[in-house]
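So the chains spell out like this:
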Amino acid sequence: MAGRGQIANKSSALIAMIADEDTVTGFLLAGVGNVDLRRKTNYLIVDSKTPVKAIEDAFKEFTTKEDVAIVLISQYVANMIRFLVDSYNKPIPAILEIPSKDHPYDPANDSVLSRVKHLFSSESVASERR
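Residues numbered from 1 in each chain as written. Predicted model: local features only at pLDDT ≥ 70, side-chain atom pairs only at ≥ 80, totals over all residues. Heavy atoms only, no water.

An unreviewed UniProt entry lists the protein chain under the name V-type proton ATPase subunit F, with Melia azedarach given as the organism.

Take a look at the structure:
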């Protein structure tokens, strides 16, 4: 499959996270956490004091690492860097927006959901032309 991104070793695929402390803690307890040899983690805990630049840097880092398969990002955090999330168009790592305890999920703001809706609306137009 030319043009598709692939992970070097499927057994080493990671899930990266950018979210609030409670969400990250829950996923870390489930075994998602990783610290590499350079002491870099696969998550960023975002609170009210986290600068947007740090969120942008983490997003860019996680989406360019070869061993990351999925980036989970709280939707309210994704809204802070919406331009980056919306402009990301690679299949791997997949970007998934998730709700958090204090910020409910809004399907109207989900970039993946809007792309899927656009895809299906394009397919329905194409099938009507046949």
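After presenting the structure, the write-up continues.
Peer 1: Is there a simple way to think about the overall build of the protein chain in this case?
Peer 2: When helices and strands are counted, the protein chain shows five helices and four strands. Going from N to C terminus, the protein chain has its helices and strands arranged as β-α-β-α-β-α-α-β-α. Buried residues in the protein chain amount to 33% of all 130 residues. The long-range share in the protein chain, meaning contacts at least 24 apart out of those at least 6 apart in sequence, stands at 66%. (Helix = DSSP H or I, 4+ residues; strand = E, 2+ residues; numbered from the N terminus. Buried < 20%, exposed > 50% of the residue type's maximum accessible area, 1.4 Å probe, protein only. Contact = heavy atoms within 4.5 Å.)

Peer 1: Before we go on, may I ask you to explain the side chain of Asn42 in this structure?
Peer 2: Considering the arrangement of structural elements, one finds Asn42 in the loop between α1 (21-29) and β2 (43-45). On the basis of relative accessible area, Asn42 is assigned to the buried category, the value being 3%. Reaching out from Asn42, the side chain makes a polar contact with the backbone oxygen of Val32 at a distance of 2.9 Å. At 2.9 Å, the side chain of Asn42 forms a polar contact with the backbone nitrogen of Asn34. With near-sequence residues (within four places) excluded, Asn42 lies in contact with Ile15, Ala16, Met17, Val32, Gly33, Asn34 and Phe62. (Polar contact = N/O pair within 3.5 Å; in protein donor to acceptor, adjacent residues only side chain to side chain.)

Peer 1: Sorry if this is basic, but what is going on with the sheet that holds β2 here?
Peer 2: Adjacent strands of a sheet form backbone hydrogen bonds with each other and so pair up, either parallel or antiparallel. Within the open sheet, the four strands sit side by side as β2-β1-β3-β4. Their pairing is parallel. The outermost strands of the open sheet, each flanked by one partner alone, are β2 and β4 (94-98). Taken over all neighbouring pairs, the strand axes of this sheet differ in orientation by 20° on average, direction set aside. Examined bridge by bridge, strand β1 (residues 14-19) and β2 share three bridges and lie parallel to one another. (Pairing = 2+ DSSP bridges. Axes fitted to C-alpha atoms, helices over the stretch in contact; angles between N-to-C directions.)

Peer 1: Even after reading the chapter, I still don't get the packing of aromatic side chains, so can you show me in this structure?
Peer 2: Pairs of aromatic rings are described using the distance from one ring centre to the other and the angle between the two planes. For the structure shown, the criterion picks out one aromatic pair. A ring pair is formed by Phe59 and Tyr88, whose centres lie 6.1 Å apart and whose planes are at 80°; its orientation type is edge-to-face. Separated by 29 residues along the polypeptide, Phe59 in helix α2 (residues 52-64) and Tyr88 in the loop between α4 (82-87) and β4 bring together distant segments of the chain. Judged on exposure class, the residue Phe59 and its partner Tyr88 are both buried. (Phe/Tyr/Trp six-rings, centres within 6.5 Å; stacked < 30°, edge-to-face > 60°.)

Peer 1: Teacher, can you tell me more about α2 here?
Peer 2: Counting along an α-helix, one turn takes 3.6 residues, and residues three or four places apart therefore face a common direction. The terminal C-alpha atoms of α2, which comprises 13 residues, lie 18 Å apart, in line with the 18 Å expected from a rise of 1.5 Å per residue. Taken residue by residue, α2 has Ile55, Glu56, Ala58, Phe59, Phe62 and Thr63 as its buried positions. Around the axis of α2, the buried residues are gathered within 165° of arc, so they sit on the same side. Exposed side chains of α2 directed beyond 90 degrees from the buried face belong to Lys53 and Thr64. (Expected span 1.5 Å × (residues − 1). Arc of directions from axis to C-beta.)

Peer 1: For this particular structure, what's the right way to read the nonpolar core?
Peer 2: As a rule of thumb, nonpolar side chains are buried together in soluble globular proteins. Ile18, Phe59 and Ile73 are the most contacted members of the largest nonpolar core, which totals 20 residues. Mapped by element, the contributors of at least two residues to this core are β1, α2, β3 (68-74), α3 (75-80) and α4. Per element, the largest residue contribution to this core is four residues, and it comes from α2. Once you skip the residues sitting within four places of it in the chain, Ile18 turns out to touch Leu44, Val46, Ile55, Ala58, Phe59, Phe62, Leu72, Ile73, Ser74 and Val77. (Core = buried A, V, L, I, M, F, W, Y, C linked by side-chain atoms within 4.5 Å.)

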